[in-house]
Amino acid sequence: MESDRLQKLYIDFASVVFREGFLDNQYTQLQQLQDESEPKFVLQVGTLFLEDSGKLINGLRSILDQQDVDFEKLDACVRKLMGSSASIGARRVKNVCMAFHNSCKKGSKEGCLKCLQQVAQEYLLVKRKLETLFKLETQILAAGGSVPLLSQ
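Residues numbered from 1 in each chain as written. Predicted model: local features only at pLDDT ≥ 70, side-chain atom pairs only at ≥ 80, totals over all residues. Heavy atoms only, no water.

Per an unreviewed UniProt entry, the protein is named Histidine-containing phosphotransfer protein, and its organism is Musa acuminata subsp. malaccensis.

This next bit is on the nonpolar core. Residues Y27, L74, F100 and L130 are the most contacted members of the largest nonpolar core, which totals 45 residues. Elements with a contribution of two residues or more to this core: α1 (2–19), α2 (25–33), α3 (41–64), α4 (71–88), α5 (91–106) and α6 (109–142). A total of 12 residues in this core trace back to one element, the largest contributor, which is α6. Apart from the residues lying within four places of it in its own chain, the contact partners of F100 are L60, L64, L74, V78, C112, C115, L116 and V119. (Core = buried A, V, L, I, M, F, W, Y, C linked by side-chain atoms within 4.5 Å. Buried < 20%, exposed > 50% of the residue type's maximum accessible area, 1.4 Å probe, protein only. Helix = DSSP H or I, 4+ residues; strand = E, 2+ residues; numbered from the N terminus. Contact = heavy atoms within 4.5 Å.)

Before going further, it helps to examine α5. Here α5 is 16 residues long and its end C-alpha atoms lie 23 Å apart, about the 22 Å a rise of 1.5 Å per residue gives. In this structure, the buried side of α5 is in contact with α3, α4 and α6. (Expected span 1.5 Å × (residues − 1).)

Let's shift gears to α6. The end-to-end C-alpha separation of α6 is 48 Å, in line with the 50 Å expected for 34 residues at 1.5 Å each. Backbone geometry just downstream of α6 places G144 in the positive-phi region, at approximately 85 degrees.

Structure (structure tokens):
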């Protein structure tokens, strides 16, 4: 059955994503909120995370492009990204945001620029992983199956 094959692919891929530290147990907790009445809950939350995070990263770039960096404004933006990353379970993005926050507190433009590069890279990596998970979820549902709950 096609949905069984897709479910196995989903579980195998998700296991690698968790093992490599892209996602943490917050993602599995989000999954537990998903049910038959809201089969695309995680997909919707994840899509919002990806859209908002992309905008936040662009905002971080704009702030750091200024001659005189407003570190309070930069830190507020970093904290938003850190919070949304934590809420979906994007562990590696969240961890880089913590270092970014520390660079903001120190007023280190050089440190912030380095963190921006790292956070943008981690965001692109987790974005690809989430998009693959979401594609598999959509295919599973279209094949008449249900998205398997993940565990770590």
